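# Survey of secondary and tertiary structure
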Amino acid sequence: MKPIFRTIAIAILAGTAALPSYAQTAETNTFPGLDDDAVQQWGGEEGVRNWVESLFYYIMLDNRINHVFREFGNIERQIYLNTQLTQLVLGGAVEYQGASMAAAHADLGITVTQFNAVVEAAYLACERVTVTYEACNQLIAALAPYERVIVTR
Amino acid sequence: MEEAKKNGLRLYKSAALVAAILASNITQAEMFNTGKVLATGGVSMIDGAGGGGITPWATITGYATRDGINGNLHYTYAPLANYTLHSVGAAVGFWDRFELSYTKSSLTTGSTFDTVGLIADTAGGPSGQLAGTPINTGIEPFNTTIDMDIVGAKVRVFGEAIYDSDNLIPQIAIGGFYKKNENEDLLKTLKAAKAKDWEAYISATKIFFPINTLINITARYTAANQTGLVGFGGPGGDDKEIRPEISLAYLLRKDTVIGIEWAKHGDNLEGESVEIGGLNLTELQPTLDSLGMSNLSGTLTQHESDWFDAFIAYFPNKNLSMTFAYAMLGDITITPDQHGFYLSLQASF
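Cut-offs used in this document
Residues numbered from 1 in each chain as written. Chains lettered and ligands numbered in written order. Predicted model: local features only at pLDDT ≥ 70, side-chain atom pairs only at ≥ 80, totals over all residues. Heavy atoms only, no water. pLDDT = per-residue confidence, 0-100. Contact = heavy atoms within 4.5 Å. Phe/Tyr/Trp six-rings, centres within 6.5 Å; stacked < 30°, edge-to-face > 60°. Helix = DSSP H or I, 4+ residues; strand = E, 2+ residues; numbered from the N terminus. Buried < 20%, exposed > 50% of the residue type's maximum accessible area, 1.4 Å probe, protein only. Lys NZ or Arg CZ within 6 Å of the ring centre and 35° of its normal. Pairing = 2+ DSSP bridges. Salt bridge = Lys/Arg side-chain N within 4 Å of Asp/Glu carboxyl O.

## Here's the deal with the confidence of the model for chain A
Close inspection of predicted coordinates is inappropriate for parts of the model with low pLDDT. Residues of chain A with pLDDT of at least 70 account for 84%, and the chain-wide mean is 88. Note that pLDDT drops below 50 for residues 11-23 of chain A; the model gives that stretch eleven contacts with residues more than four away or on any other chain.

Pasting the structure below:
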């Protein structure tokens, strides 16, 4: 039932021509643009990985969102894919092996309140791994437009 | 068998109870919401709307996302050289779509108008030009106060100030205030055309996260003198005009924002004197001269300046924000250099 629903959702989203840029996840074109050395500001791949682990720590402490990630399952893989995704949207030259943001969240019924809860966890994680607020905002800018496809309620 | 039935019934009953409790909790949770990220609800500007210090922004006040409702109480205290502003009010944001606000502003004027009051008393005295005429200037012997009620509403029209970092379309909101100034007599003395009036505004707000900056541009359609504290319009009429306002804010930390603001003000009362008992002060010149107060009409000329402020807003948590500012309000009625500190507190629920 669920995989079928997801397939239908992906098909519908794929048919929505208004969102072509999300079919292929890449560096986000923000206004103004992200710093060229954004990934370096994060301490490279290692720094990003540390942050993602910290992010999941804070997500799991937040009852508004932890069940969503737990139900999705395989946290290790989520951390692995999010490390790729984070580097990618910041402009890093990595391959992202996960699903598009639209496809991954289509049937989760995420609210904007839950999306913001992850943003709050992101800031807490930045503080925990001493990524500066300014560098953290590079990622906030890079991920913010995904609100349009992640939030479906 | 009977026992099992009983147990089953009890189970149903408790299940129904749990469901009812859950349902009521969900309804409550859906109504009340604090889902916005810290600081993104803005603070309360002096008219009570969500925004900066003196300018309403396109953001909807409070911490509610489109999932619910959230409100706040606010208090602003601005001790200036000759005036002290107290502003107390409440505002509610609904589904990150519209907001309603009510604010009571109280401007104590200290000894500012004592001279005018003295002249009125002199002119209205037994030997004065207006002898025998009771003159109501709205000026009390001590601490003349201007009270103003402000009701505000704002609707978010389109755009995303926060999430749409991949385009330049700002969040746009339109709003309005209805302001009722209580000291009509003083406004008459100061030659304002009206004591109550409405004003409308359109605001565009955008946060640029890559450079940690928020920009807000507002156009306010108004005839206000000093936001309405000195009434609306002047001897030249009460026509409204469009006045620009700009806020620039830098996001220093996730809980701290610094910035500057500018609001264009009008010139309805620019260069005007004060009016006592239906007489312009210049017409009272002979009386004043005979009393040895010939230099007074020059010092009783009104001016109005654009407002500027520089602020730092601190958000220790979603229940409280504190804004400290230095406000440069320039000339206010007959007194120049009205600069001073400004403190605004907002408690969110």
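## Points about the packing of aromatic side chains
Residue and element names in this part refer to chain B. In the structure shown here, the tally under the stated rule is eleven aromatic pairs over all chains. With a centroid separation of 6.1 Å and 45 degrees between ring planes, the pair formed by Trp198 and Tyr221 is classed as tilted. Residue Trp198 is found in strand S8 (residues 196-208), and its partner Tyr221 is found in strand S9 (residues 213-222); the two are separated by 23 residues along the sequence. Trp198 gets classed as partly exposed once you look at its relative accessible area, which sits at 43%. Take Tyr221: its relative accessible area is 37%, and that puts it in the partly exposed class. An aromatic cluster of three or more residues is present, and its members are Phe94, Trp95 and Phe98. Against the face of Trp198 rests Lys240, its NZ or CZ located 4.0 Å from the ring centre.

## Considerations on the pairing of strand S16 (residues 320-328) of chain B
Residues and elements named next belong to chain B. Covered by surrounding structure in S16 are Ser321, Thr323, Ala325 and Ala327 only, the residues Leu320, Met322, Phe324, Tyr326 and Met328 on the alternate face being uncovered. Across eight bridges, the pairing between strand S15 (residues 307-317) and S16 is antiparallel. Residue pairing across strands places Phe311 opposite Ala325, the latter belonging to S16. As consecutive antiparallel partners, S15 and S16 are separated by two residues. Note: S16 against strand S18 (residues 339-348), nine bridges, orientation antiparallel. Following the sheet pairing, Ala327 is matched in S18 by Gly340.

## A look at the pattern of salt bridges
In total, this model carries 26 salt bridges over all chains according to the counting rule given. Here Glu76 of chain A makes a salt bridge to Arg49 of chain A, at a shortest N to O gap of 3.6 Å. Taken together, the residues Glu76 of chain A in helix H5 (residues 75-89) and Arg49 of chain A in helix H3 (residues 44-60) connect sequence positions 27 residues apart. Salt-bridge contacts for Glu199 of chain B lead to Arg220 of chain B; the nearest nitrogen and oxygen are separated by 2.7 Å. Taken together, the residues span a long stretch of sequence, with Glu199 of chain B in strand S8 and Arg220 of chain B in strand S9 at a distance of 21 residues. The pair formed by Glu199 of chain B and Arg220 of chain B is uniform in burial state, with each residue classed as buried. Connected through salt bridges with shared partners, the residues Asp47, Lys179, Glu199, Arg220 and Glu245 of chain B form a single ionic network.

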